[in-house]
Amino acid sequence: MQSNVESFMNKHNLNAENISMQDLVDHFLQQMKEGLAGRPSTLAMIPSFCSPDAKPKAGEKVLVIDAGGTNFRTCIVTFDANLKPVISDFRKSSMPGVAREVSAKEFFSIIADESERLIDQSDRIGFCFSYAAEILPDHDGIPQFFSKEIKAPEVIGKHLGKELLAEFARRGHDVSKKKVIIMNDTVTTLLAAQAENAAGKFDGCIGFILGTGTNTAYIEKTSNITKLDPSIPREGSQVINVESGCLDIALGDIDRRFLDSTNAPSMYNFEKMISGAYLGPLAYMVIQTAVQEGLFSETFKNSFAQLSGLTTIEMNDFLHENMDCSLAKCASDDDDYDTLFEILGGFIERAAKLTAANLASAVMITDFGKDEDHPVLINADGTTFHKTAFLKSYTTEFLDAYLSEQGRRAIIKQIEDSPTIGSAIGGLSL
């Protein structure tokens with residue numbers, strides 16, 4: 001790394017090597033344990049009341065609703081005689097609250113509009129809700145707050161399943177036999193991994209999302225969730241939604257300025273360091289700062305000033321050496337190009353180390369993965385993780401190195417249509 005770039009990265013704490021993996025894992029674990037106990041923590045550690053032993057059932061249909069990121073999806077899932085999922089009548093639209101603020105009435109009306117065509121096909125509804133929500137023992141969910149810049153404040157505190165069924169009832173549908181289970185997308189991703197692990201090849205599963213936002217789910221003994229009401233049985237295990245994107249972290253001064261520029265600056269800090277909705281905009285601020293500190297030529301400075309912002313896709317285009325992208329056109333000089341590539345490459349390497357610490361903590365809080373022949377299966381979903389240049393490979397390197405030192409092993413895999421499949425499995429557990 002060029003000395004001036006290295007000095008810049010160190011000054012603003014943008015280098016992966018400046019992060020102690022052990023310290024970050026320890027911070028995660030401490031916050032996770034506090035959250036399980038109901039003590040103050042930036043990690044909600046939300047019980048799902050969903051058993052990791054939920055299994056698909058042949059021949060039964062489930063209406064799946066997937067409210068994730070900026071997209072909203074609906075479909076029917078049926079498992080065939082071999083327990084393979086068959087997805088039909090799939091439809092994708094925009095998540096309510098993306099383009100503009102919506103009221104609670106509008107929110108549930110839009111959801112009903114998108115799923116009403118399917119309502120008579122099944123009495124079981126698996127509702128994947130990719131935002132922080134308190135899950136109740138009856139499987140309904142109450143949103144706590146929205147991430148990913150979704151604007152639907154009136155929905156906070158509402159019972160999602162109850163409100164949706166009430167909307168269908170207002171439209172003349174008989175909902176007396178309908179049942180809804182609300183699950184986070186990491187929970188459904190974990191359930192899809194559990195189905196993949198029917199033969200017992202893996203020692204436990206983790207659900208991980210790194211797309212527009214980020215989150216993690218793992219399997220916890222119910223007896224360790226001491227914040228639960230004493231009336232709730234303590235037998236067995238259940239899936240925990242960590243809400244890992246909420247971890248309180250601000251690594252450097254640019255990170256702090258970026259957090260202050262977002263909606264809810266004190267929330268979802270970890271997510272804003274690594275996820276698709278924020279990586280590009282944060283990188284834009286990093287480049288702005290580097291320009292101000294003289295790391296680029298006047299030509300680059302003038303060209304970059306014409307850009308009003310930067311998306312993660314645009315940043316990724318540059319790292320994939322797409323010479324037609326906006327950043328490459330700014331960096332027409334070889335020195336500028338090399339400087340920019342080093343800055344952004346190091347920035348992604350840091351995001352990967354943060355990601356690896358997140359995954360490592362989900363392994364280390366359990367007893368899983370101690371047998372070399374039976375590693376933990378991490379089902380990783382999300383285009384940011386799989387498509388961003390260097391991110392997956394760096395993450396795997398950091399994770400493998402750390403877990404090896406701890407006598408643990410995990411394998412990262414992507415199971416296609418995980419949120420949809422997991423939602424259906426959860427729906428069949430009702």
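Look above for the structure.
Worth saying up front: this structure is predicted, and the values here are computed from it rather than measured. (Residues numbered from 1 in each chain as written. Predicted model: local features only at pLDDT ≥ 70, side-chain atom pairs only at ≥ 80, totals over all residues. Heavy atoms only, no water.)

Draft legend 1. Focus on the pattern of salt bridges. Applying the stated criterion to the full structure yields 17 salt bridges. A salt bridge links Glu116 to Arg171, with the nearest nitrogen and oxygen atoms 2.9 Å apart. Remark: Arg171 occurs in the loop between α4 (160–170) and β8 (179–183) and Glu116 occurs in the loop between α3 (104–115) and β5 (124–129); sequence separation between them is 55 residues. Where salt bridges share partners, they join Asp113, Glu116, Glu167, Arg170 and Arg171 into one cluster. (Salt bridge = Lys/Arg side-chain N within 4 Å of Asp/Glu carboxyl O. Helix = DSSP H or I, 4+ residues; strand = E, 2+ residues; numbered from the N terminus.)

Draft legend 2. Inspection of the sheet that holds strand β3 (residues 71–79) at higher detail. As summarised here, the arrangement of the five strands in space is β4-β3-β2-β5-β8, forming an open sheet in which the pairing is mixed. This sheet does not close on itself; its edge strands, each paired only once, are β4 (85–94) and β8. Direction aside, neighbouring strands of the sheet carry axes that sit 20° apart on average. When β3 meets β4, the two strands line up antiparallel, connected through eight bridges. (Pairing = 2+ DSSP bridges. Axes fitted to C-alpha atoms, helices over the stretch in contact; angles between N-to-C directions.)

Draft legend 3. Up close: the sheet that holds strand β12 (residues 376–381). The strand order across the open sheet built from six strands is β1-β11-β10-β9-β12-β13, with neighbouring strands paired in mixed fashion. Unpaired on one side and paired on the other, β1 (46–47) and β13 (410–413) mark the two borders of the sheet. Direction of pairing for strand β9 (residues 205–210) relative to β12: parallel, over a ladder of five bridges. Across the sheet, the residue bridging to Phe208 is Ala380, located in β12.

Draft legend 4. Inspection of the pairing of β8 at higher detail. Extensive coverage of β8 is indicated by the burial of four of its five residues. Alignment of β5 against β8, held across five bridges, turns out to be parallel. Each residue of the ladder has a partner; that of Ile125, found in β8, is Val180. (Buried < 20%, exposed > 50% of the residue type's maximum accessible area, 1.4 Å probe, protein only.)

Draft legend 5. Local environment of the side chain of Gln194. Here Gln194 shows up in helix α5 (residues 185–196). Judged by its relative accessible area of 18%, Gln194 falls in the buried class. A distance of 2.9 Å separates the side chain of Gln194 from the backbone oxygen of Pro52, its partner in a polar contact. The contact partners of Gln194, leaving out residues within four places of it in the chain, are Pro52, Gly204, Cys205 and Ile219. (Polar contact = N/O pair within 3.5 Å; in protein donor to acceptor, adjacent residues only side chain to side chain. Contact = heavy atoms within 4.5 Å.)

Draft legend 6. View of the packing of aromatic side chains. Applying the stated rule across the entire model yields 18 aromatic pairs. Here Phe341 and Phe390 contribute two aromatic rings whose centre-to-centre distance is 6.1 Å and whose plane-to-plane angle is 70°, an arrangement assigned as edge-to-face. Note that Phe341 is positioned in helix α12 (residues 334–364) and Phe390 in the loop between α13 (383–387) and α14 (391–405), a separation of 49 residues in sequence. Exposure remark for Phe390: the relative accessible area of 30% places this residue in the partly exposed category. (Phe/Tyr/Trp six-rings, centres within 6.5 Å; stacked < 30°, edge-to-face > 60°.)

Draft legend 7. Main features of unusual backbone geometry. Not every positive phi belongs to a glycine, and Glu243 is a case in point at roughly 55°. Along the chain, Glu243 falls in the loop between β11 (237–241) and α6 (253–261). Judged by relative accessible area, which is 3%, Glu243 ranks as buried.

Draft legend 8. Broad picture of the side chain of Asp336. Mapped onto the secondary structure, Asp336 falls in helix α12. Excluding anything up to four places from it in sequence, Asp336 contacts Phe296, Ser297, Phe300 and Ala331.

Draft legend 9. Spotlight on the nonpolar core. Phe107, Phe129, Tyr218, Ile287 and Leu327 are the most contacted members of the largest nonpolar core, which has 117 residues in total. Counting residues per element, this core draws most heavily on α12, at 16 residues. Non-local contacts of Ile287, meaning those with residues more than four positions away in its chain, are made with Phe296, Phe300, Phe304, Leu310, Leu327, Leu340 and Leu344. Core analysis: the second largest hydrophobic core is formed by 25 residues, Cys75, Val77, Ile181 and Ile425 among them. (Core = buried A, V, L, I, M, F, W, Y, C linked by side-chain atoms within 4.5 Å.)

Draft legend 10. A look at the environment of Gly200. Tracing the sequence through the fold places Gly200 in the loop between α5 and β9. Taking C-alpha positions, Gly200 is 26 Å from Leu210, a pair spaced 10 residues apart along the chain.

Draft legend 11. Representation of the packing of α5 against helix α15 (residues 418–428). Where α5 meets α15, the closest approach of the two axes is 7 Å, and the angle between their N-to-C directions is 80°. Classed by the angle they form, the pair α5 and α15 counts as roughly perpendicular. Together, Thr188, Thr189, Leu191, Ala192 and Ala195 of α5 and Ser418, Pro419, Ile421, Gly422, Ser423, Ile425 and Gly426 of α15 make up the contact between the two elements. In terms of residue class, the contact of α5 with α15 is built from six nonpolar, six polar and no charged. (Parallel < 35°, antiparallel > 145°, perpendicular 65-115°, else oblique. Nonpolar A, V, L, I, M, F, W, Y, C, P; charged D, E, K, R; others polar.)

Draft legend 12. Here's a closer look at the state of the cysteines. Tallied over the entire structure, the rule returns zero disulfides. There is no disulfide at Cys205, and the cysteine sulfur nearest it, in Cys50, is 13 Å away. With no disulfide of its own, Cys246 lies 16 Å from the sulfur of Cys128, the closest cysteine sulfur. What makes Cys246 buried here is its relative accessible area of 10%. (Disulfide = S-S within 2.5 Å.)

Draft legend 13. Representation of α5 within the structure. The first and last C-alpha atoms of α5 sit 17 Å apart over 12 residues, in line with the 16 Å expected at 1.5 Å per residue. A large share of α5 lies buried, amounting to 10 of its 12 residues. Residues Asp185, Thr186, Val187, Thr188, Thr189, Leu190, Leu191, Ala192, Ala193 and Gln194 constitute the buried set of α5. (Expected span 1.5 Å × (residues − 1).)

Draft legend 14. Just helix α8 (residues 279–292), in detail. In a regular helix each residue adds 1.5 Å, so 14 residues correspond to 20 Å; α8 covers 20 Å between its end C-alpha atoms and thus fits that length. Burial runs high along α8: 11 of the 14 residues are buried. Considered for burial, the residues of α8 that qualify are Leu279, Gly280, Leu282, Ala283, Tyr284, Met285, Val286, Ile287, Thr289, Ala290 and Val291. Where α8 terminates, the next one or two residues include Gly294, which has phi positive at roughly 80°.

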